[in-house]
Amino acid sequence: MTTRRNLWLAVTGLASIAMVAAFTLWTAQRADHEMRRDLIREARLVAPAIDVEEVAAFRGTAADTLSPAYSRLKERLVRARRAKPDCRFLYLLGRRENGDIFFYLDSEPAESRDYSPPGQVYHEAPPAARSAFSENRAYTTGPYIDRWGTWTSAFLPLESAQGGRAAAVLGMDVDAAAWNWNVLRRSALPASLGVIAFALVMIIIILVESRTVIRRHERMLIDSEKRYRAFINSTADMAFLKDEEFRYTIVNNHLADYFGRRREEIIGLSDYDLMPGEAADNCRKSDLEALSSDGIAVNEEIVGDRIFETTKFPAAIGTTRVVGGFIRDITERTRAKDALNAALEEKEALLRELQHRVKNSLFMISSMAELEAARSGDPAVRKALESLGGRIHTLSELYTMLYRSQDTRQIPLDRYCKSIGDSLYAAHTDADGRMTLQYRIDPVTVDTKRASVVGLILNELLMNALKYAFPGDRAGTITVSLKAASGDLTLKVADNGVGMPGGSGPDHPGGLGLELVKLLARQMGGALDIRSEGGTIVTVSFSGRENGEERPQTGTTAN
């Protein structure tokens, strides 16, 4: 709508300007036409003073100056030119048989540099002068340029007593600049009146349009206020606006209902007029905080036994800075939140107690397995019980970390792997330092399920290396590596011992421990690879996701 109105105003303005320009041009042309008609009339007033028969007797030579008639006619032209201030030159022209236009005489004195002697050919004679001879009619022409300047001229044919063609042509020159100035002067008043008239029309159009726009804006303002009132009254929150003295200027129905008054009764009052002093102090404090900030201030305020969340913000109305806000009763929500937090704390306590009990139970089972292994006289049973005790100990370490951690869902896998390695190394090596254990582990955090599987795999691989890689007095090094790249995990246990019989590859045959590792790797969606070249290297790679689980979270440093 605004675009169409602006377009209409622009078109109207341009049309008015075009009309004013056209009217001004028409006025100037009309003034020029009237002045040309007056110029011919003035030439006709001069014509009776010229005896055409005397002019016809001239030969158009220097000898004409000796004739009394020449002096008499020249004096008449001089007097006539003086009587007409706008006229610069008066002169008589003749035409020879060959068509040349020449001067009989002019109004200039002989000593003037603009003087034209009898017989001087007028080479620059305009077509109007020639037409005056050939058509025996009066003409005006100009502006045109000759050797004397730029002129607007009238050419009046003078007929002899016998009639027929013109015996001479009377020329009257007016300077073109003076002519244009007179045209402008004559057309100025009508043009000005036209401009004023058009300006008045435009002013009337603009006033009418402005009145229409004002009425439209008034309707829009009324509709906007209705929508605004509907909006703030539809919210479940209490809404308000306060002036620079913190008096209410706008309130919605919910705030009016809270105070038990009508909206009109609250307007102009402050919080000290509506609530106890301590509560009003709290409101004034948060009002000042919001007014001094450039953002939104959110606070909790207690009024009686109710808890309110206030969202206050500064606003500008003209040059005045005011405070607006929304108030929400969060009493029930706060009580429900407190109850939920208490229940969560109780649940966390129960979970930690359960983890502690599971850890103790696993430790007891592991200890019992070790005791039974020591008592058993059957080497196979003793070996099986020792392996079972190690696996249970590995799970016990996991629950120990869970019990000590603030997060019961995520485990730092690097610390868990080191804990398993240190325990197995201490239990299966002597103090002679014949075997050494190294770690190259990235900091990685995974869920408890994945951590338990990785721990069991590491337990089996590290147990095999400690038991079988360095028989007799052979010395060597075992290296545990855990790398994370693009969310994937790679666990590697390598030694420089005697190697494993049976070659290399993912299908390498092995005992129960390796079969368990293969099973756990498949459970994790991973792959197992065994290399026996200058020792044993067992690598287990796990994909970044399994059954929609999140990828492992890696740290920024490596151990």
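Look up: the structure comes first, before these words.
Just so it is clear, the structure is predicted and the values come from calculations on it, not from any experiment. (Residues numbered from 1 in each chain as written. Predicted model: local features only at pLDDT ≥ 70, side-chain atom pairs only at ≥ 80, totals over all residues. Heavy atoms only, no water.)

> Could you give me a rundown of a nonpolar patch on the surface, with the residues and numbers involved?
Residues Leu189, Leu193, Ile196, Leu200, Ile203 and Leu207 make up a contiguous nonpolar surface patch of roughly 610 Å² in combined accessible area. Its place among the elements puts leucine 189 in helix α5 (residues 176-234). Classification of leucine 189 by relative accessible area gives exposed; the value is 57%. (Patch = residues over 30% accessible without salt bridge, like charges linked within 9 Å, V, L, I, M, F, W, Y side chains within 5 Å. Areas by Shrake-Rupley, 256 points an atom, 1.4 Å probe, with all protein chains shown as cover. Salt bridge = Lys/Arg side-chain N within 4 Å of Asp/Glu carboxyl O. Helix = DSSP H or I, 4+ residues; strand = E, 2+ residues; numbered from the N terminus. Buried < 20%, exposed > 50% of the residue type's maximum accessible area, 1.4 Å probe, protein only.)

> Residues and numbers for the packing of aromatic side chains, please.
In the structure shown here, the tally under the stated rule is 14 aromatic pairs. Arranged with centres 5.5 Å apart and planes meeting at 80 degrees, the rings of tyrosine 258 and phenylalanine 308 form a pair that is edge-to-face. With tyrosine 258 in helix α6 (residues 253-259) and phenylalanine 308 in strand β9 (residues 306-317), this pair connects stretches of sequence that are 50 residues apart. Tyrosine 258 sits in the partly exposed class, given a relative accessible area of 38%. You can call phenylalanine 308 buried: its relative accessible area is 4%. Among the aromatic residues, those joined into a ring-pair cluster are Phe240, Tyr248, Tyr258, Phe259 and Phe308. Directly above the aromatic system of phenylalanine 102 lies the positively charged group of arginine 96, at a separation of 4.1 Å from the ring centroid. (Phe/Tyr/Trp six-rings, centres within 6.5 Å; stacked < 30°, edge-to-face > 60°. Lys NZ or Arg CZ within 6 Å of the ring centre and 35° of its normal.)

> Report on the packing of helix α11 (residues 413-428) against helix α12 (residues 448-468), specifying residues and quantitative values.
Two elements in contact, α11 and α12, have axes separated by 10 Å at closest approach and are oriented at 30 degrees. Taken together, the axis directions place α11 and α12 in an arrangement best described as roughly parallel. For the pair α11 and α12, the crossing hand works out as right-handed. Residue-level inspection shows Leu413, Tyr416, Cys417, Ile420, Gly421, Leu424, Tyr425 and His428 of α11 in contact with α12, the latter providing Ala451, Val454, Gly455, Leu458, Asn459, Leu462, Met463, Leu466 and Lys467. Grouping the constituent residues of the contact of α11 with α12 by class yields 12 nonpolar, 4 polar and 1 charged. (Axes fitted to C-alpha atoms, helices over the stretch in contact; angles between N-to-C directions. Parallel < 35°, antiparallel > 145°, perpendicular 65-115°, else oblique. Left-handed = near helix turned anticlockwise from the far one by under 90°. Contact = heavy atoms within 4.5 Å. Nonpolar A, V, L, I, M, F, W, Y, C, P; charged D, E, K, R; others polar.)

> A description of the sheet that holds strand β8 (residues 297-303) should follow, citing residues and the corresponding values.
Pairing between sheet strands relies on hydrogen bonds along the backbone, with the strands arranged either parallel or antiparallel. A sheet is described by the order of its strands in space; here 5 strands give the open sequence β7-β6-β10-β9-β8, paired in antiparallel fashion. Lying at the two open borders of the sheet, with one neighbouring strand each, are β7 (248-251) and β8. Strand-to-strand twist across the sheet, computed as the mean angle between neighbouring axes with direction ignored, equals 25 degrees. Of the pairings in the sheet, the one linking strand β6 (residues 238-242) to strand β10 (residues 320-329) comprises 5 bridges and is antiparallel in character. Opposite leucine 241, over in β10, you have glycine 324 as the bridge partner. (Pairing = 2+ DSSP bridges.)

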